[in-house]
Amino acid sequence: MDMGRNDRWRQPGKLWWLLPLFLYLAVNAVFIQSHESWRDEAQAWQIARQTNLVELFAQLKYEGHPCLWYLVLMPFAKLGYPFSGLGFLSLFFMAAAAGLVLAKSPFSFPVKFLIVFGSPFLYYYPVIARSYCLIPPLLAVLALLYPFRREKPLPYGAVLGFLTQTHVLAAALSFSLSAAWLLETVSAWRRGRRQGTAGPKAADLAGLSISLGSGLFLVWELAGSLGSNASVRLRVSPSLLANLRQAGEALWKAMQEFLRMEFGGAAALFLMLLIAAGLAVLFLHGPRETLAVAGAFLIQILIFAYVYPPGIQSSMILVHECIFLLWIILQKDAHGVEEEQRGREKHFPGAGFQAGLAVLLLVSLWNCGPDIGKDLKLPYSSSKGMAACIRQNVPEDAPLIAAGDLFTTGLAAYLPEREIWNPAGERPVGFSVWDERRKETISYEEMLRRVRKKYPRAEGMYLICGENSQVPGWREHTGEMEEIFRLDFCIADEGAILYYAELP
């Protein structure tokens, strides 16, 4: 059976896709209700809530992320939308992507179902609410617009521009597609000059300008990030061989992250060769598109190797791009390819590629299952539980003190009505600024001195302690304090303990 051509499998009924979409919403809504948001989710929320536009763009160089997710969050955060509902915002965008995959993509019905209920769409993007959730819907719209990029250059350029502003890794694909589009436009212009026909339309140039302008804006947004963000360092090896090995290991790590399994070098080499062979076949049927996606892969792997190692969410961007590439190649024949290409297009092994994608999605989902199930059983972060405890047990006028900001950023987002003061930084906990200052530590005695100065009339303080503390000596004084609440067995490295201590 040809999975790529069989209409019965591809579209069982006009509105068939609504049922799996509702199921997708229901499953992820259950996960959202069980998920405690952690510092990476809270960081963007707090920046959106506490900064204006000027301050936001000043902060981006410390974040290493473009502006779009922060701008999406800003009206919700500033108008009082609860942080506990953040996952429903990301689910909205992922549901839009799922609906487009189910209703509009050229995949067979089983593969559509596996895409939507596979690990790239389930849990990791809609539930752990970060800027990644913007990438799949934009890629789906981009895939639908791609055959009509010459007829609709303004929408196509705008979507590319938005994609650039989602994530640095997604910007790599936007840059590659924009470069291919620019070369295509120049080639058409030169061909038109030889034939005496009109050159590019103003709309073509405007669409390209939007896309390329977004890229230049990204450079301005993130200028100085490598020097400003203390947690990011370039890791360039001294020799060519070492650099090649480093890039290979980065790809190996990304594959392991997506599949959620460890495998040896031989298996990694086999998978790399399989990927290369797949790209070679795709190149025969869509050379321009395959080169663009392969170029994006290369940029992303270099970022993984030299700037920031891959995690599961960032590794899944590569998978979303593979889905995008297969989508636009499968739909090429339906949108008027040249006659001399039609015979070649009919021999595209779409069923084989879809079957291979289905296998990878099944393996990843099977191995991700325990992680997803763990979030249903265990707290992901202490932030939500700690906020509930403080509301119930801590007087409103009592000082809330944080021995560090990493494990209290999420708490501050869940508890916006209370000030949580960080004596190491001598400021309320809001969002972390990733510069060298945040590495500074103080002694327990210095913390008491600063708290007494900040709250001269207080008889005691409620001290929130956890890992990565900026007051490393707090453990030596637990005998002098009363333990109020403990939640230190979280999935994320974000456990915390609440103490009450009298102030001398």
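What you see is a predicted model, and the numbers here were worked out from it, not measured in a lab. (Residues numbered from 1 in each chain as written. Predicted model: local features only at pLDDT ≥ 70, side-chain atom pairs only at ≥ 80, totals over all residues. Heavy atoms only, no water.)

S.K.: Help me out: how do you make sense of the packing of helix H2 (residues 18-34) against helix H6 (residues 86-104) in this one?
M.R.: Between two packed helices, the angle of one axis relative to the other and the distance separating the axes together describe the packing. Their axes nearest at 10 Å, the elements H2 and H6 cross at an angle of 155°. Comparing their axes, H6 and H2 come out roughly antiparallel. Seen along the crossing, H2 lies across H6 with a hand that is right-handed. Residues Pro 20, Leu 21, Tyr 24, Leu 25, Asn 28, Ala 29, Ile 32 and Gln 33 of H2 form the contact with H6, whose own contacting residues are Gly 87, Phe 88, Leu 91, Met 94, Ala 95, Ala 98, Gly 99 and Leu 102. A breakdown of the residues in the contact of H2 with H6 according to their chemical character gives 12 nonpolar, 4 polar and no charged. (Axes fitted to C-alpha atoms, helices over the stretch in contact; angles between N-to-C directions. Helix = DSSP H or I, 4+ residues; strand = E, 2+ residues; numbered from the N terminus. Parallel < 35°, antiparallel > 145°, perpendicular 65-115°, else oblique. Left-handed = near helix turned anticlockwise from the far one by under 90°. Contact = heavy atoms within 4.5 Å. Nonpolar A, V, L, I, M, F, W, Y, C, P; charged D, E, K, R; others polar.)

S.K.: What should I look at first to understand the layout of surface pockets in this one?
M.R.: One simple way to see leftover space: roll a probe sized like a water molecule over the atoms. There is about 1,200 Å³ of room inside the second largest pocket. Around the second largest pocket, the lining comprises 38 residues; the ones closest to its centre are Leu 271, Leu 274, Ile 275, Cys 322 and Leu 360. Elements with a contribution of two residues or more to the lining of the second largest pocket: helix H13 (240-259), helix H14 (265-285), helix H15 (287-306), helix H16 (312-330) and helix H18 (350-377). The leading source of residues in the lining of the second largest pocket is H14, at 11 residues. (1 Å grid on protein atoms, 1.4 Å probe; cavity = no way out; pocket = protein on both sides within 12 Å on 5 of 7 lines; lining within 4 Å. Points joined across faces, edges and corners; volume = space filled by probe spheres on them.)

S.K.: Mind showing me how you'd approach the pattern of salt bridges here?
M.R.: Pairing is possible between side chains of opposite charge, provided their charged atoms come close. In the structure shown here, the tally under the stated rule is 16 salt bridges. Of the charged contacts in the structure, one is a salt bridge between Arg 391 and Glu 417, with a shortest N-O distance of 2.7 Å. Linking Arg 391 in helix H19 (residues 383-393) with Glu 417 in the loop between helix H20 (409-414) and strand E2 (420-422), this pair joins segments that are 26 residues apart in sequence. Judged by relative accessible area, which is 48%, Glu 417 ranks as partly exposed. One salt bridge connects Arg 486 with Glu 483, and the closest N-O pair in it is separated by 2.8 Å. Where salt bridges share partners, they join Arg 149, Arg 150, Glu 184 and Arg 288 into one cluster. (Salt bridge = Lys/Arg side-chain N within 4 Å of Asp/Glu carboxyl O. Buried < 20%, exposed > 50% of the residue type's maximum accessible area, 1.4 Å probe, protein only.)

S.K.: Please clarify how the pairing of strand E4 (residues 460-466) should be interpreted in this entry.
M.R.: Side-chain positions along a regular strand alternate between the two faces of the sheet. Burial analysis of E4 places 7 of its 7 residues in the buried class, which makes it a mostly covered element. Of the two faces of E4, both are covered, the one formed by Gly 460, Tyr 462, Ile 464 and Gly 466 as well as the one formed by Met 461, Leu 463 and Cys 465. Pairing of strand E1 (residues 400-402) with E4, which is carried by 3 bridges, proceeds in the parallel orientation. The residue bridging Ile 401 from the neighbouring strand is Leu 463, located in E4. Across 7 bridges, the pairing between E4 and strand E6 (residues 496-502) is antiparallel. (Pairing = 2+ DSSP bridges.)

S.K.: Is there a simple way to think about the side chain of Arg 450 in this case?
M.R.: Inspection of the secondary structure puts Arg 450 in helix H21 (residues 444-454). We classify Arg 450 as buried; its relative accessible area is 16%. Here Arg 450 is in contact with Trp 421, Pro 423, Ala 424, Glu 426 and Ile 442, once residues within four sequence places are set aside.

S.K.: How should I be thinking about the pairing of E6 in this particular structure?
M.R.: Counting buried positions over the 7 residues of E6 gives 5, a clear majority of the element. Bridge analysis of strand E5 (residues 482-487) against E6 gives 5 bridges, and the strand direction is antiparallel. Bridge assignment links Phe 485 to a residue of E6, and that residue is Leu 498.

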